[in-house]
Each structure stands twice: as structure tokens, then as C-alpha cells.
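Geometric and topological summary
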Amino acid sequence: MHKKERKKERKEERKKERKLYFDQVIKCKAAICLEVNKPFSIVEIEVAPPKAQEVRIKILATGICRSDDHAVNGSLYAPFPIILGHEAAGVVESVGEGVTSVKPGDKVIPLFVPQCGECNTCLHPRGNLCTRHNFADGRGLMPDGTSRFTYKGKAVHHFACTSTFTEYTVVHESAVAKIDAAAPPEKICLIGCGFSTGYGSAVKTAQVEPGSTCAVFGLGGVGLSVVMGCKAAGASRIIGVDINKDKFAKAKELGVTDCVNPKDFDKPIQDVLIEMTKGGVDYSFEVIGRTETMTAALASCHMNYGTSVIVGLAPSASQITFHPMLLFTGRTWKGAVFGSWKSKEAVPKLVSDFMAKKFTLDPLITHTLPFDKINEGFELLRTGKSIRTVLLF
Ligand code: COD
Ligand code: ZN
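Residues numbered from 1 in each chain as written. Chains lettered and ligands numbered in written order. Predicted model: local features only at pLDDT ≥ 70, side-chain atom pairs only at ≥ 80, totals over all residues. Heavy atoms only, no water.

1. Some details on the site of ligand 1
What counts is decided by this rule: Neighbouring residues are identified by heavy atoms, a residue being near a molecule or strand if any of them is within 4 Å of it. Nitrogen and oxygen atoms within 3.5 Å of one another constitute a polar contact, given that in protein one can donate a hydrogen and the other can accept it, and given that sequence-neighbouring residues count only through two side-chain atoms. Note on areas: Shrake-Rupley, 1.4 Å probe, and residue coverage restricted to the protein chains presented here. Helix and strand labels come from DSSP, where a helix needs a run of H or I of at least four residues and a strand needs a run of E of at least two; each type is numbered from the N terminus. Side-chain classes follow a simple rule in which Ala, Val, Leu, Ile, Met, Phe, Trp, Tyr, Cys and Pro form the nonpolar group, Asp, Glu, Lys and Arg form the charged group, and the remainder, Gly included, forms the polar group.
Not every one of the 26 residues close to ligand 1 is listed here, only the nearest: Arg 66, Ser 67, Val 222, Asp 242 and Leu 313. Between an oxygen atom of ligand 1 and a main-chain N or O atom of Gly 221, the distance comes to 3.1 Å. Within the contact set of ligand 1, an oxygen atom lies 2.9 Å away from a backbone nitrogen or oxygen of Val 222. Protein chains shield 86% of the accessible area of ligand 1, which is 920 Å² for the free molecule. Counting residues per element, the ones that place at least two in the shell around ligand 1 are helix 2 (66-72) and helix 6 (221-232). Each residue belonging to the shell around ligand 1 can be placed in one class, and the counts come to 10 nonpolar, 11 polar and five charged.

Here is the structure:
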């Protein structure tokens with residue numbers, strides 16, 4: 001073939017490829033956070049097709065989690081403009097080259113803690129924070145260093161390997177799990193974060209045993225999920241600790257046997273719990289995110305054999321000072337993200353357990369709103385009126 005003709009042919013091919021690419025770009029509605037502390041803007045964005053090993057998902061329902069608000073107000077670092085949201089359920093719209101674990105039409109939950117299945121952590125029987133795909137790297141980009149979102153011609157950042165405040169998102173294959181097609185998205189979206197984080201802290205991180213005594217500090221949505229986990233594990237006494245007494249009624253419904261408000265006492269809360277339990281609890285959980293309550297929860301568990309689990313995330317600049325005697329005398333101090341679950345394998349099982357009625361999510365969902373009312377949903381969270389708000393598309 002003549003050189004000139006070959007050049008022309010290649011040009012045509014590239015044109016076709018570009019056309020195919022733009023034919024596959026989806027224009028859809030998304031809630032963008034343009035700057036720190038600004039309300040969400042509902043705008044039309046472009047979502048590029050998934051590259052190799054990536055999956056494009058149509059989001060059906062997404063929960064609003066405290067960590068999204070931490071990103072809005074700057075206490076959790078996030079690069080702006082950004083599409084937040086990390087607790088959702090959806091359907092696979094298309095897949096990139098090489099994707100084998102999901103196909104178009106599959107119902108899925110995006111995973112903010114990915115599981116590649118091949119790194120040292122994923123291969124270890126216990127670890128769950130994939131070392132290949134760091135959930136907290138803060139770059140706000142896909143693993144290849146680029147974004148799939150465009151707004152007014154400029155790239156928009158991804159969040160926590162997921163970005164679910166949009167009608168369509170793109171995630172890496174390691175950050176999505178196929179679930180039961182019959183599962184109700186408006187409920188099981190909570191398995192993507194809040195529920196699994198709390199429930200797993202009790203049944204997997206602490207491995208609460210039947211007959212044990214537990215104390216849960218903070219009775220928000222995650223704390224209530226810890227309560228459910230303690231109950232499922234057979235705890236015989238569950239002490240709920242909260243400074244807001246309005247939280248006690250629901251906590252009791254879910255299995256809390258004793259409610260304690262630190263404001264009702266003029267001595268440290270650990271002394272109250274040690275007295276109540278004649279020496280301290282077997283397991284304590286800090287589900288507030290404050291360093292003072294983390295140390296109080298540790299001190300509340302029995303020396304010799306008590307275990308305390310940190311579930312809440314403290315402000316990034318904070319440090320803890322505590323007397324080494326607290327650990328020297330035998331207590332164990334642990335922490336966990338996403339309830340220690342290996343996400344890709346555990347999430348489908350948790351959904352099956354929900355379908356088999358092994359636990360309920362209804363008590364956690366206090367509000368359901370259309371996606372456009374996202375700012376209203378965040379106000380409900382900030383004013384303490386909601387446990388979880390689920391946004392529907
Ligand atoms: N003593 C007792 N109770 C308190 C105190 C106190 N000093 N201060 C606040 N509380 C109570 C509040 O009244 C409230 O009821 C509860 O503590 C906190 O509940 P919420 O509703 O604010 O929060 P949750 O349950 O939705 O989430 C709490 C976390 C601490 C888990 C969350 O904020 C967090 O830190 N998340 C990051 C940890 C993580 O793993 N996240 C996964 C990705 S999101
Ligand atoms: Zn979350």
C-alpha cells in the first residue's frame with residue numbers, strides 16, 4: 001500500500017476509535033463538591049467508559065455516611081472538586097477488558113476497601129486493607145492515575161475507590177462485589193459501609209463470645225450495628241454509652257441491656273462501668289471518634305482479658321497519651337476498618353445473611369430521599385436527626 005494511503009487509513013481508524021469512545025461516554029447527573037464546606041451542586045457530568053480491569057456501575061441507592069461529611073468539612077483530606085459517597089448498591093452497566101468477576105446487569109456493591117486477592121494482605125488469612133489498592137491514598141484518582149469524571153471539560157476527583165453520589169461511577173474490579181440479584185438496593189447499600197463496619201467490629205475484629213459482657217461507646221448508626229453484632233455473637237450483657245439519651249430507646253430495641261449517660265455521673269465513665277460489671281467488660285468498642293473516649297473504653301475493659309476495639313476515626317492531628325499499665329495488666333487494644341472484613345468475599349455473604357433474615361437494616365434507615373435532596377440529607381446528619389439517610393436515584 002502506498003505510504004500516504006496507509007497514513008490516511010490509520011487516521012480514519014483513530015477517528016473511529018475516538019467516535020466509539022465518545023459514543024460510550026455517559027452524560028448523567030451527579031452531586032459534586034466543588035470546594036470545602038460548600039453544599040453539593042447537582043450538575044451534569046461526563047463519565048468515561050471503563051478501562052481495562054474497570055467496571056462502570058449505575059448507582060441505584062446510596063447512603064450518607066459521617067465520613068462523607070468529614071470530607072466536605074475538611075477534617076478528612078479530600079482533593080476538590082470531588083464526587084463523594086462510598087456506601088451504595090447498583091447494577092453493572094459495562095466492563096472494561098479483562099474483567100471476569102462481574103458482567104453487565106449484575107447487582108453489585110462498590111467497595112471502599114478493595115480486595116485485589118493477590119497482594120500480601122489479601123493473601124494473609126486475617127488482613128483486610130489491600131496493599132495494592134490503598135483505600136486512603138487521598139489522590140482521588142483511578143489506580144492508573146487518571147479520572148473517569150469530567151465537569152465543564154475539567155477532571156473531577158474520585159473518592160474512596162467508589163464515588164457514589166452520581167448516577168454512574170467507574171471503579172476498579174477489585175472494588176466491586178457481585179451480590180444477590182433479589183437484594184433490595186435501598187437497604188443493602190448500608191452493607192457497603194456503616195452496617196458492616198459496626199457488625200464486623202463485634203463478630204470479626206473482637207470475636208465476641210457467647211455469654212460475654214460488652215460496652216458500646218456511641219450509639220449512632222455504626223454503634224447500633226456493633227450492638228447488633230454483639231447480640232448476634234451471643235453477648236449476654238450489652239452496655240450502651242452515649243451522652244444523648246434520645247439514642248437509648250432504639251439501642252434497647254436492638255439488644256442493649258443497660259444504658260449509661262456519662263453526664264449523669266460525676267466520676268469517669270470507666271469507673272462507672274468497672275463498678276457495674278465488677279471489674280470491667282470483656283469487650284468495649286469506641287464508635288465516636290474521640291481520643292478521650294478511646295482511652296476510657298480501653299480502661300473500661302477487664303484487665304487480664306478485656307479487649308477494646310477502636311472503630312471511630314479520630315481527627316487526623318490527634319494523639320493519645322495513656323498509662324502503659326492499662327496494657328501491661330493484660331488488656332488488648334485493637335482497631336479495624338470495615339469491620340476487618342475482606343470486602344470482595346464478605347460483602348456477598350453479608351447480603352445473603354440479610355436475605356436470610358439473620359439481621360435487619362430497617363432500624364438504621366431513618367430517612368429515604370430522592371438523590372436531588374442530598375443537601376437536605378446532610379443537614380439531617382449534621383443536626384443529629386438521622387441515623388442513616390438513603391438517597392434513591
Ligand atoms: N461520650 C459518649 N457518646 C458520645 C460522646 C461522648 N463523649 N460524643 C458523642 N457521642 C455519641 C453521639 O451522641 C452519637 O450518638 C454517637 O456518639 C456517634 O454517632 P454518629 O451518628 O455521630 O456516628 P456514626 O455511628 O454514624 O459513626 C461513628 C463513627 C465514629 C464510626 C464515624 O464517625 C467514623 O469515625 N468513621 C470512620 C471510621 C471508619 O472505619 N469508617 C469507615 C469508612 S466511613
Ligand atoms: Zn462510611
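2. A word on the environment of Ile 238
This is how it is decided: By the convention used here, residues are in contact when the closest approach between their heavy atoms is within 4.5 Å.
Here Ile 238 shows up in strand 11 (residues 237-241). Distance in space between the C-alpha atoms of Ile 238 and Val 227 is 7.2 Å, their sequence separation being 11 residues. Contacts of Ile 238, omitting those with residues within four sequence positions, involve Cys 214, Val 216, Val 227, Cys 230, Lys 231, Gly 255, Val 256, Thr 257 and Asp 258.

3. Side note on unusual backbone geometry
The phi angle of most residues is negative, glycine excepted, and most peptide bonds adopt the trans form. Cis geometry marks the peptide bond from Phe 80 to Pro 81; its omega dihedral reads -10°. Relative to the assigned elements, Pro 81 resides in the loop between helix 2 and strand 4 (87-95). Within the chain, Phe 338 stands out as a residue other than glycine whose phi angle is a positive 50°. Checked against the element boundaries, Phe 338 lands in the loop between strand 15 (332-335) and helix 11 (343-355).

4. What about the pairing of strand 8 (residues 168-172)?
Counted only if it meets this: Burial classification: accessible surface area is computed with a 1.4 Å probe over protein chains only, and a residue below 20% of its type maximum counts as buried, one above 50% as exposed, and the rest as partly exposed. In this analysis, strands are considered paired if DSSP registers two or more bridges between them.
With five of five residues buried, strand 8 is to be regarded as a mostly interior element. The alternating pattern of strand 8 places Tyr 168, Val 170 and His 172 on one face and Thr 169 and Val 171 on the opposite face, and all of these are buried. Here five bridges tie strand 3 (residues 54-63) to strand 8, and the two strands are oriented antiparallel to one another. Residue pairing in the sheet places Lys 58 in a bridge with Tyr 168 of strand 8.

This is a description of form; function is not addressed.
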